[in-house]
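Examination of the molecular architecture
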Amino acid sequence: MESRGEKSVAGVKTFKTHQCQYCSYSTYFHYLLVRHTRTHTGERPYSCPHCPYRSSRKDYLKHHINTHASVTTE
Ligand SMILES: [Zn+2]
Ligand SMILES: [Zn+2]
């Protein structure tokens, strides 16, 4: 039995991974990386027109704006 000591290092399959630019997190799925990256950037596209409140979800903002409406005095 002859062994050349060759290891198929070059033949190792490397799956394409998406690496987080903020930490060591990596995933095979791009959408998971996008979702993960939001935990770093704290992206909140919905902002309250009445105060500095920002939300990542539209329904949260809607609920928040309602709290403004309830305190307005005419
Ligand atoms: Zn990360
Ligand atoms: Zn507000």
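Residues numbered from 1 in each chain as written. Chains lettered and ligands numbered in written order. Predicted model: local features only at pLDDT ≥ 70, side-chain atom pairs only at ≥ 80, totals over all residues.

Topic: the overall build of the protein chain
A count of helical and extended segments in the protein chain gives two helices and four strands. The order of α-helices and β-strands along the protein chain, N terminus first, is β-β-α-β-β-α. Expressed as a percentage of the 74 residues in the protein chain, the buried residues total 0%. The contacts of the protein chain with a sequence gap of at least 6 include a subset with a gap of at least 24, amounting to 0%. (Helix = DSSP H or I, 4+ residues; strand = E, 2+ residues; numbered from the N terminus. Buried ≥ 20, exposed ≤ 12 C-beta atoms within 10 Å, placed from the backbone. Contact = placed C-beta atoms within 7 Å.)

Looking at the UniProt feature "domain: C2H2-type" (unreviewed entry) in the protein chain
When the UniProt feature table is mapped to this numbering, "domain: C2H2-type" (unreviewed entry) covers residues 18-45 and 46-73. A distance of 24 Å separates the end C-alpha atoms of residues 18-45, which is 43% helix and 14% strand. (UniProt positions renumbered as here; feature names shortened; annotations may be inferred.)

Topic: helix H1 (residues 30-41)
Its twelve residues give H1 an end-to-end C-alpha distance of 16 Å, which sits within 8% of 16 Å, the value for a rise of 1.5 Å per residue. Looking one or two places after H1, you find Gly42, whose phi comes out positive at around 60°. (Expected span 1.5 Å × (residues − 1).)

Looking at the environment of His30
Along the chain, the position of His30 falls in helix H1. When the C-alpha positions of His30 and Gln19 are compared, they lie 9.2 Å apart, and in sequence the two are eleven residues distant.

Some remarks on the environment of Phe29
Along the polypeptide, Phe29 turns up in the loop between strand E2 (26-27) and H1. Residue class for Phe29 comes out exposed when judged on the 11 C-beta atoms lying within 10 Å of it. Note: C-alpha distance between Phe29 and His18 (eleven residues apart in sequence) is 6.9 Å.

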